[in-house]
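# Chain and residue survey
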Amino acid sequence: MKRLLPLLLVFSLFTFSNCDDFLDCVVNRRPELPDKSFAVGPIGSYYYEEFDAQIKNEPQDNNYGYEFDIDGNLPDGLGMVVNYRTVSIEGTPTTAGTFRFTIFLYVDPPLTYDDENDTYDDPLCSESTSKEYTIIIGD
């Protein structure tokens, strides 16, 4: 009976969920923002930090569309610049303090082309993620 229980559990998961979605989530393909500690920056000096987003467990993550948004406060004088999968925080800060902000990442699956139409191939468990970051600007 103990050997039968795991088999029944797996069977019920396939029965009550879409098999493709279940298998995709077992692989755990999803957008991911890195853990990042930003360097402490001084007022009046050029500041630059960057990181790359990715699709976890997806070797073809360059084929996805990436969109970013920011919520929270960057120090005055700094801005977020996006270059495809790379996010940079750069500029010359004019205000000291501790600044917390959240970066949101949304991805679009790659287009699949066939003779009749263009469709999206969506092998992801989730199409978005977010992460909170902190920048400290000293006097």
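You'll find the structure just up there.
As the structure is a prediction and not an experimental result, all values here were calculated from the model. Counting restarts for each chain: residues are numbered from 1 in the order of the written sequence. Local features in this predicted model are restricted to residues whose pLDDT is 70 or higher, and side-chain atom pairs enter the listing and the counts only when it is 80 or higher, whereas totals over whole chains, interfaces and linings include all residues. Excluding hydrogens and water, the side-chain figures rest on all heavy atoms present in the structure.

When its secondary structure is counted, the chain shows 2 helices and 11 strands. The secondary structure elements of the chain, listed N-terminal to C-terminal, are α-α-β-β-β-β-β-β-β-β-β-β-β. Taking all 139 residues of the chain together, the buried fraction comes to 27%. Within the chain, contacts between residues separated by at least 24 positions form 66% of all contacts whose residues are at least 6 apart in sequence. In these tables, accessible area is a Shrake-Rupley quantity obtained with a 1.4 Å probe, and a residue counts as shielded only by the protein chains included in the view. Counting every atom, the chain has about 9,000 Å² of accessible surface; 50% of that belongs to carbon and sulfur. A run of H or I in DSSP counts as a helix once it spans at least four residues, and a run of E counts as a strand once it spans at least two, with each numbered from the N terminus. Burial here depends on accessible area, computed with a 1.4 Å probe over protein chains only, as a share of the maximum for the residue type. Under 20% is buried, over 50% is exposed, and the range in between is partly exposed. Note on definitions: a residue-residue contact is assigned when non-hydrogen atoms from the two residues lie within 4.5 Å.

Backbone geometry at Asn 57 places phi at a positive 60 degrees, although glycine is not the residue there. Position of Asn 57 relative to the elements: it lies in the loop between β4 (54-56) and β5 (65-72).

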